[in-house]
Amino acid sequence: MLSFSAIVEILGIIAFTISGTVSALHKKLDLFGVHIIGFITAIGGGTIRDILIGATPVSWMRDINTPVIILVTCVITIWLRHYVHYLKTTLLLFDALGLGLFAVIGIKKGLDAGLHPAICIALGTITGCFGGVLRDTLLKEIPVLFQKEIYATACIIGGLAYLACLQVVSVPVAESIAVIVVCSIRILAVKYQWKLPSL
Amino acid sequence: MLSFSAIVEILGIIAFTISGTVSALHKKLDLFGVHIIGFITAIGGGTIRDILIGATPVSWMRDINTPVIILVTCVITIWLRHYVHYLKTTLLLFDALGLGLFAVIGIKKGLDAGLHPAICIALGTITGCFGGVLRDTLLKEIPVLFQKEIYATACIIGGLAYLACLQVVSVPVAESIAVIVVCSIRILAVKYQWKLPSL
Amino acid sequence: MLSFSAIVEILGIIAFTISGTVSALHKKLDLFGVHIIGFITAIGGGTIRDILIGATPVSWMRDINTPVIILVTCVITIWLRHYVHYLKTTLLLFDALGLGLFAVIGIKKGLDAGLHPAICIALGTITGCFGGVLRDTLLKEIPVLFQKEIYATACIIGGLAYLACLQVVSVPVAESIAVIVVCSIRILAVKYQWKLPSL
């Protein structure tokens, strides 16, 4: 499981970096701005989680691999910026996988810190979703998360599935099920344009 | 005092949640977005305070009651959203009481951490006011706190009153006086439309 | 070096406070809003740095001198607001000196925390630049840092110079060189309107 989840996490970081970089390119930021938005989108959720539970220095500061992966991804995305939209389906898959794994990582960190299960699900959702919230806020948009995308809902349902599965199966199996649940809900939501009701 | 202040704190959380939820409803967010803005408005100030002084995991993660109260308040507010404006005066009272108690809680945490009295007043003001700053920033508004409302000024004057009273009366009496000061200034400011000068 | 760098840091704080206060004055905030934006611009970068590495309570809470300097600067800036633009060149010099010293302070805190050199440079850049990011976000602007100003680039090059110099000269000499590098790049960038390419 370890190496599988490590690979998926890297794919998730790459997908989130590309999503931030592409958003920044649309806003006509300069070269530095595009990198920093890509970076914040990728590590923002995990950083907020680490700050909230007091796990400092935050993760990306303790592991130089993450910043390197993000930097390389930014450079390649900028270089291939006119072709990125051909990869739409691939990106969606990575993004959904990343969302699922980030959510599970967040929940596990919460359980390790001895927090209430409901708080752990909140931490997982923050890990998966708040990089995008920071991206949108810095780019002067109302976060898409609050408006029409099924992101958080997927994390919450996947989190409930994870905690339920932990009662009956081993940790790696529960993790895999949770990632698949989050990922499937996210992909189906995009495919069938599911939305939460607006009030 | 304990049970009195606990009740007032709950009323304050409820009032802040309602204020965030109502703002979010005006922005046509989806169902998740409305809840999350209600949540952030209620716990944002205390969360920033805890992060600044290093009291992690932050308060709402250690006490499941707060998230439950917020969730229930959000659901009821959304359900009764067409009637909320009839409660304007009641809400103002809760909001002012909450502001006062949040300010006092913030100051006490600062004193416990051994910080300078002026810093403690700043912490109290952050606790009372910065949930609203986060709400406005996420909803793409310049925070109302910076523009025309007497919120922070009430917290600062109440904080000075608290520290002064501590020299001559017992802690619960000083707390009560501070809450009454903050609350009165806030209510009078709304009633008589007091504003700080704009430059 | 100590007293020199302490003086430069104070000048940097003053310059950053003035820059925040002047931005806030343009947005027609109230008296409190102007002060708070001045304050956040001056201490925002260092606060985010301290939170990321877990150095809490954050610096300005442990040293009452910083808030006092900021408050006095705000009051004077507001009082002399019609004359501030005559000081443009002086302010640019302070601002550039402050940027250089803030960047070096951030890098040193990272090295003290045992972080990777690349992460230390990121910390220095955050210390120098993110007060301005918070200022712009709260004033509902896309941060100028991401758009057209050579701020971060100056910090990164100065940081590289600092780490390189540390291999061959003493700490105070390396610090002075780094501050001069950041400062010169920033001043030249303003004078010759250098910009990073927009994509």
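Residues numbered from 1 in each chain as written. Chains lettered and ligands numbered in written order. Predicted model: local features only at pLDDT ≥ 70, side-chain atom pairs only at ≥ 80, totals over all residues. Heavy atoms only, no water.

## Some words on the overall build of chain A
For step 1, the next point in the chain: Broken down by element type, chain A carries eight helices and zero strands.
For step 2, the next point in the chain: Secondary structure of chain A in N-to-C order comes out as α-α-α-α-α-α-α-α.
For step 3, the next point in the chain: Expected size for 199 residues packed as a compact globule is a radius of gyration near 16 Å; at 16 Å, chain A falls within 12% of this value.
For step 4, the next point in the chain: Long-range pairs, those at least 24 residues apart, make up 71% of the contacts in chain A between residues at least 6 apart in sequence.
For step 5, the next point in the chain: Here chain A displays about 8,600 Å² of accessible surface, and carbon together with sulfur accounts for 68% of that area.
For step 6, the next point in the chain: Distance between charge centres in chain A, computed from 14 positive and 10 negative side chains, equals 8 Å. (Helix = DSSP H or I, 4+ residues; strand = E, 2+ residues; numbered from the N terminus. Rg over C-alpha atoms; globule rule 2.2 N^0.38 Å. Contact = heavy atoms within 4.5 Å. Areas by Shrake-Rupley, 256 points an atom, 1.4 Å probe, with all protein chains shown as cover. Lys, Arg positive; Asp, Glu negative; His and termini not counted. Charge placed at Lys NZ, Arg CZ, Asp CG, Glu CD.)

## Points about the packing of helix H7 (residues 152-166) of chain B against helix H8 (residues 171-191) of chain B
When two helices pack together, you describe them by how their axes are tilted relative to each other and by the distance separating the axes.
All names here are of chain B.
For step 1, the next point in the chain: For the pair H7 and H8, interaxial distance at closest approach is 8 Å and the crossing angle is 160°. What the angle tells us is that H7 and H8 run roughly antiparallel. Read as a crossing pair, H7 and H8 show a hand that is right-handed. For the pair formed by H7 and H8, the contact residues are Ala154, Cys155, Ile157, Gly158, Ala161, Tyr162, Cys165 and Leu166 on the first element and Val171, Ala174, Glu175, Ile177, Ala178, Val181, Val182, Ile185 and Arg186 on the second. (Axes fitted to C-alpha atoms, helices over the stretch in contact; angles between N-to-C directions. Parallel < 35°, antiparallel > 145°, perpendicular 65-115°, else oblique. Left-handed = near helix turned anticlockwise from the far one by under 90°.)

## Regarding helix H4 (residues 65-79) of chain B
Residue and element names in this part refer to chain B.
For step 1, the next point in the chain: Here H4 spans 21 Å end to end across 15 residues, near enough to the 21 Å set by a 1.5 Å rise per residue.
For step 2, the next point in the chain: Within the sequence span of H4, burial applies to Thr66, Pro67, Ile70, Thr73, Cys74, Thr77 and Ile78. Angularly, the buried residues of H4 cover 130° about the axis, an arc narrow enough to put them on a single face. (Expected span 1.5 Å × (residues − 1). Buried < 20%, exposed > 50% of the residue type's maximum accessible area, 1.4 Å probe, protein only. Arc of directions from axis to C-beta.)

## Regarding the interface of chain C and chain A
For step 1, the next point in the chain: Of the residues lining the interface, 28 residues belong to chain C; the matching set on chain A comes to 27 residues.
For step 2, the next point in the chain: Taken as a group, Leu52, Phe146 and Leu199 of chain C account for 33% of the area that chain C buries against chain A, more than any other trio of residues on that side.
For step 3, the next point in the chain: Summed over the shared surface of chain C and chain A, the result is zero salt bridges.
For step 4, the next point in the chain: At the boundary of chain C and chain A, one finds one residue pair in polar contact (both at pLDDT 80 or more).
For step 5, the next point in the chain: Put simply, the parts of the chain that give the side of chain C that touches chain A at least two residues each are helix H2 (31-53), helix H6 (117-138) and helix H7 (152-166) of chain C.
For step 6, the next point in the chain: Tallying contributions element by element places H6 of chain C first for the side of chain C that touches chain A, with seven residues.
For step 7, the next point in the chain: Looking at the side of chain C that touches chain A residue by residue, the class counts come to 19 nonpolar, five polar and four charged. (Buried area = accessible area lost by both parts, 1.4 Å probe. Salt bridge = Lys/Arg side-chain N within 4 Å of Asp/Glu carboxyl O. Polar contact = N/O pair within 3.5 Å; in protein donor to acceptor, adjacent residues only side chain to side chain. Nonpolar A, V, L, I, M, F, W, Y, C, P; charged D, E, K, R; others polar.)

## Observations regarding unusual backbone geometry
Residues and elements named next belong to chain A.
For step 1, the next point in the chain: With an omega of -10°, the peptide bond between Thr56 and Pro57 qualifies as cis.
For step 2, the next point in the chain: For Pro57, the location among the structural elements is in the loop between helix H2 (31-53) and helix H3 (59-62).
For step 3, the next point in the chain: The backbone of Gln193 sits at a positive phi, close to 55°, despite the residue not being glycine.
For step 4, the next point in the chain: Secondary-structure assignment places Gln193 in the segment after helix H8 (171-191).

## Some thoughts on the interface of chain C and chain B
For step 1, the next point in the chain: At the interface, 27 residues of chain C touch 28 residues of chain B.
For step 2, the next point in the chain: Taking both sides of the interface into account, the surface hidden between chain C and chain B amounts to around 2,300 Å²; carbon and sulfur atoms contribute 77%.
For step 3, the next point in the chain: Broken down residue by residue, the surface that chain C buries against chain B is led by Asp30, Phe32 and Met61 of chain C, which jointly contribute 29%.
For step 4, the next point in the chain: Applying the counting rule to chain C against chain B returns zero salt bridges.
For step 5, the next point in the chain: Counting across the chain C and chain B interface gives one residue pair in polar contact (both at pLDDT 80 or more).
For step 6, the next point in the chain: Among the elements of the structure, H2, helix H3 (59-62), helix H4 (65-79) and H6 of chain C are those that each provide at least two residues to the side of chain C that touches chain B.

## Here's the deal with the relation of the copies chain C and chain A
For step 1, the next point in the chain: Here chain C sits on chain A after a turn of 120° about the axis and a move of 0.0 Å along it, with an RMSD of 0.0 Å. On this basis, the relationship between the two copies can be described by a three-fold rotation axis.
For step 2, the next point in the chain: Comparing interface residues between copies, only 11% of those in chain C also sit at the interface in chain A, which points to a heterologous contact through distinct surfaces. (Least-squares fit on C-alpha atoms with pLDDT ≥ 70 in both.)

## Quick notes on the UniProt feature "domain: Glycine transporter" (unreviewed entry) in chain A
For step 1, the next point in the chain: Per the UniProt annotation, the sites labelled "domain: Glycine transporter" (unreviewed entry) are residues 7-81 and 93-165 of chain A.
For step 2, the next point in the chain: For the annotated span residues 7-81 of chain A, helix accounts for 83% and strand for 0% of the residues, and the straight-line distance between the end C-alpha atoms is 24 Å. (UniProt positions renumbered as here; feature names shortened; annotations may be inferred.)

## Observations regarding the packing of aromatic side chains
For step 1, the next point in the chain: Evaluated as defined, the whole model comprises six aromatic pairs over all chains.
For step 2, the next point in the chain: For the ring pair Phe16 of chain B and Phe102 of chain B, a centre distance of 4.9 Å and an interplane angle of 70° mean the geometry is edge-to-face. Note that Phe16 of chain B is positioned in helix H1 (residues 2-26) and Phe102 of chain B in helix H5 (residues 88-112), a separation of 86 residues in sequence. Of the two residues examined, Phe16 of chain B and Phe102 of chain B, each falls in the buried class.
For step 3, the next point in the chain: Over the face of the ring belonging to Tyr151 of chain C we find Arg186 of chain C, whose NZ or CZ atom lies 3.9 Å from the ring centre. (Phe/Tyr/Trp six-rings, centres within 6.5 Å; stacked < 30°, edge-to-face > 60°. Lys NZ or Arg CZ within 6 Å of the ring centre and 35° of its normal.)

## Some points on the relation of the copies chain C and chain B
For step 1, the next point in the chain: When chain C is brought onto chain B, the operation consists of a screw motion whose angular component is 120° and whose axial shift is 0.0 Å, with 0.0 Å RMSD remaining.
For step 2, the next point in the chain: Of the residues that chain C buries at the interface, just 11% are likewise interface residues in chain B, meaning the two copies contact each other through different surfaces.

## A look at the side chain of Asp136 of chain B
Residues and elements named next belong to chain B.
For step 1, the next point in the chain: In this structure, Asp136 sits in helix H6 (residues 117-138).
For step 2, the next point in the chain: Overall, Asp136 belongs to the buried group, its relative accessible area being 8%.
For step 3, the next point in the chain: Engagement of the side chain of Asp136 in a polar contact is seen with the side chain of Arg135, the distance being 3.0 Å.
For step 4, the next point in the chain: If we ignore the near neighbours within four places in the chain, the residues touching Asp136 are Glu141, Ile142, Pro143 and Val144.

## Here's the deal with the side chain of Arg186 of chain A
For step 1, the next point in the chain: Mapped onto the secondary structure, Arg186 of chain A falls in helix H8.
For step 2, the next point in the chain: Those residues in contact with Arg186 of chain A that sit more than four places away from it in its chain are Asp95, Ala96, Leu99, Glu149, Ile150, Tyr151 and Ala154 of chain A.

## Re the environment of Cys183 of chain C
For step 1, the next point in the chain: With respect to the element layout, Cys183 of chain C can be found in helix H8 (residues 171-191).
For step 2, the next point in the chain: Once you skip the residues sitting within four places of it in the chain, Cys183 of chain C turns out to touch Ala96 and Leu97 of chain C.

## Let's talk about the UniProt feature "transmembrane region" (unreviewed entry) in chain A
Residues and elements named next belong to chain A.
For step 1, the next point in the chain: Taking the UniProt record as the reference, the feature "transmembrane region" (unreviewed entry) is found at residues 6-25, 32-52, 64-84, 91-107, 113-138, 150-170 and 176-194.
For step 2, the next point in the chain: For residues 64-84, helix accounts for 71% and strand for 0%, while the C-alpha atoms at its two ends are 26 Å apart.
For step 3, the next point in the chain: With 100% helix and 0% strand, residues 91-107 has its two end C-alpha atoms placed 24 Å apart.

## Comments concerning the pattern of salt bridges
All names here are of chain A.
For step 1, the next point in the chain: If you walk through the whole model with that rule in mind, you get nine salt bridges over all chains.
For step 2, the next point in the chain: Of the charged contacts, one joins Lys108 and Glu175 as a salt bridge, the two residues approaching to 2.4 Å between their closest N and O atoms. One end of the pair, Lys108, is in helix H5 (residues 88-112); the other, Glu175, is in helix H8, and 67 residues separate them in sequence.
For step 3, the next point in the chain: Lys108 gets classed as partly exposed once you look at its relative accessible area, which sits at 32%.
For step 4, the next point in the chain: Look at Glu175 and you get buried, because its relative accessible area is 6%.

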